[in-house]
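Report on the structure
Listed below, chain by chain, are the residues.
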Amino acid sequence: MFISKMAIPRRAFLKGAGVTLALPLLDAMVPALTAASQTPIGKAAPRLGYFYVPNGMHMPLWKPKTAGAGGNWELSQILQGLAPVREHLTVLGGLNNYSAGLGDGGGPHTRNQSAWLSGTLAKQGEADVKLAKTVDQYAADGLGKDTILPSLEICTDPSDVVGSCDNGYSCLYVNTISWKTPTVPNPMERNPRIIFERLFGEESDKSARISRIRSDKSILDAVSSELSALGLQIGSSDRLRVDEYLAAVRDVGTRIQKAEKQSMLSTVTLVDRPEGVPETFEEHVRLLFDLIYLAYQADLTRVVTFSIAREQGNKNYANIGVPEGHHECSHHQNNPHKQAQLTKINSYHISILSTFIQRMKDTKDGDGSLLDHAALVYGAGQSDGDLHSPLDLPTILLGKLNGTVKGNQYMDYPATGKVPMMNLHLALLDKAGVHTEKIGDSTGMLTDL
């Protein structure tokens, strides 16, 4: 049998007019009989993600009843949607953001959101803002050296609000959850078209893009000749993997075109409605999750922050039977109806997340899956939204980060331990190979994940 030592470069791209399309990890990228071809699952590129939801949770139905591992604990009502990925799920209780400040004190939503990845109290004021470099940017420094984008910052709500948003705090604190330095916030992007072009190439001529939209052509048409040539260099299993990847790219591109067509026909001005933003929240969030999936699959970035909605957001979810605003429901004052409505919202967000997580689990990446190699933190900057409490934060971790996280467990740290949320972030950075001694109010690393 002839065994070739030739390989396609790991950072291989298909190039066409205005398009650069990265490829996922293929068998053909690893030369036969080399150390790299024998690389165990624990050596795959780690992916980190930080997914934020606002206004807290209905905690009695968020937290499992008893801590445990394996088959010794039960999912809570809100987390039931994650049952299919339970083996990759770690539920964490008893993590706190003391740095956000206790008591009302003014601006609780701002303080809680901005402390989630910084472990630092935001400086009050409209112009003189100061926070701290956030966890994702420490991750980007370490993991972003080998990718096109060191990190990707995404949101659903407009991120260009100015002035004072919460008791004298600058709107910059709720426009983003990512800060490059203590005084430089990273802008977050909500427009799927802009994100798509950052990942796969930019058409500088807007009229040409509109022409392509009207003719229903795909961005993949620009790289069709290189796709044909690639098919002659790879085996059948790699061809299947490439076909599945390109089908996902084409699907996302088609959905963006659909949203753009809707925008072209809409009477709403582009100031209020950027091109490419779908009409409904669910369409928008699912499309953004699909872009995150593609970015991870093609190793275009290994670090993502996603603000699924902003603090104090009062979006209604009439599509699931919640005509009231989200923020309104979070201030339930123990009203059973509002608590039930908040539970519906929390469960709905989890159901959307679960589709993305299942795709990560089902997608091969080296000797494992994308989810095997990832650590995705999902949660809020406050627990009970009625109290604005930054204690006992609702937090889940999805993925096994190259075998360094056990999964399938619920860990509830006692309140007497006063464990900072930042201890989790510090531990995950360390497991991903990014080493730093302290971030924000961290007191050490969680060692029992």
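To start, this report covers the structure provided alongside it.

The rules behind these values
- Residues numbered from 1 in each chain as written.
- Predicted model: local features only at pLDDT ≥ 70, side-chain atom pairs only at ≥ 80, totals over all residues.
- Heavy atoms only, no water.
- Helix = DSSP H or I, 4+ residues; strand = E, 2+ residues; numbered from the N terminus.
- Expected span 1.5 Å × (residues − 1).
- Axes fitted to C-alpha atoms, helices over the stretch in contact; angles between N-to-C directions.
- Parallel < 35°, antiparallel > 145°, perpendicular 65-115°, else oblique.
- Contact = heavy atoms within 4.5 Å.
- 1 Å grid on protein atoms, 1.4 Å probe; cavity = no way out; pocket = protein on both sides within 12 Å on 5 of 7 lines; lining within 4 Å.
- Points joined across faces, edges and corners; volume = space filled by probe spheres on them.
- Salt bridge = Lys/Arg side-chain N within 4 Å of Asp/Glu carboxyl O.
- Left-handed = near helix turned anticlockwise from the far one by under 90°.
- Nonpolar A, V, L, I, M, F, W, Y, C, P; charged D, E, K, R; others polar.
- Phe/Tyr/Trp six-rings, centres within 6.5 Å; stacked < 30°, edge-to-face > 60°.
- Buried < 20%, exposed > 50% of the residue type's maximum accessible area, 1.4 Å probe, protein only.

Between its first and last C-alpha, helix α9 (residues 281-297) extends 24 Å over 17 residues, near the 24 Å set by a 1.5 Å rise per residue. Positioned one or two residues after α9, aspartate 299 has a phi angle of 55°, which is positive.

What follows concerns the packing of helix α5 (residues 192-200) against α9. Interaxial distance between α5 and α9 falls to 11 Å at its minimum, and their mutual angle equals 10°. Between α5 and α9, the angle falls in the class roughly parallel. Of the residues in α9, those touching α5 at Pro192, Ile195, Phe196, Leu199 and Phe200 are His284, Leu287, Leu288, Leu291, Leu294 and Ala295.

Turning our eyes to something else, we now look at empty space enclosed by the protein. What the rule picks out here adds up to four cavities of 30 Å³ or more. One number sums up the size of the largest cavity: a volume of about 50 Å³. Every residue lining the largest cavity is listed: Cys155, Asp157, Pro158, Ser159, Val174, Asn175, Thr176, Met188, Ser307 and Arg310.

Along the polypeptide, threonine 90 turns up in strand β5 (residues 89-93). Residues contacting threonine 90, with those up to four places away along its chain left out, are Thr395, Ile396, Leu397, Val405, Gly407, Gln409 and Met411.

Next up on the list: the pattern of salt bridges. Tallying each qualifying case throughout the model produces ten salt bridges. A salt bridge links glutamate 197 to arginine 193; its shortest N-O distance comes to 3.5 Å. Separated by four residues within a single helix, glutamate 197 and arginine 193 lie in helix α5, roughly one turn from each other. Among the charged side chains, a salt-bridge network with shared partners connects Lys63, Asp392 and Asp412.

Our next topic: the packing of α9 against helix α11 (residues 336-362). Packing of α9 against α11 brings their axes to within 10 Å, and their N-to-C directions diverge by 25°. Considering their axes alone, α9 and α11 lie roughly parallel with respect to each other. Taken as a pair, α9 and α11 cross one another with a handedness that is right-handed. Here Phe281, Glu282, Val285, Arg286, Phe289, Asp290, Ile292, Tyr293 and Tyr296 of α9 come into contact with α11, specifically with Tyr348, His349, Ser351, Ile352, Leu353, Thr355, Phe356, Arg359 and Met360. Its residues placed into classes, the contact of α9 with α11 shows eleven nonpolar, three polar and four charged.

Summed over the entire model, instances satisfying the criterion amount to ten aromatic pairs. Ring centres of tyrosine 52 and tryptophan 116 lie 5.1 Å apart, and the angle between their planes is 70°; this geometry places the pair in the edge-to-face category. In this pair, tyrosine 52 is assigned in strand β3 (residues 47-52) and tryptophan 116 in the loop between α2 (108-115) and α3 (135-143), connecting sequence segments 64 residues apart. Relative accessible area serves as the criterion here: at 0%, tyrosine 52 is assigned to the buried category. Taken together, a centroid distance of 6.1 Å and an interplanar angle of 75° make the contact between tyrosine 169 and tyrosine 173 edge-to-face. For the pair tyrosine 169 and tyrosine 173, one class covers both residues: buried. Through a chain of ring-to-ring contacts, three or more aromatic side chains come together here, namely Phe51, Phe289, Phe306 and Phe356.

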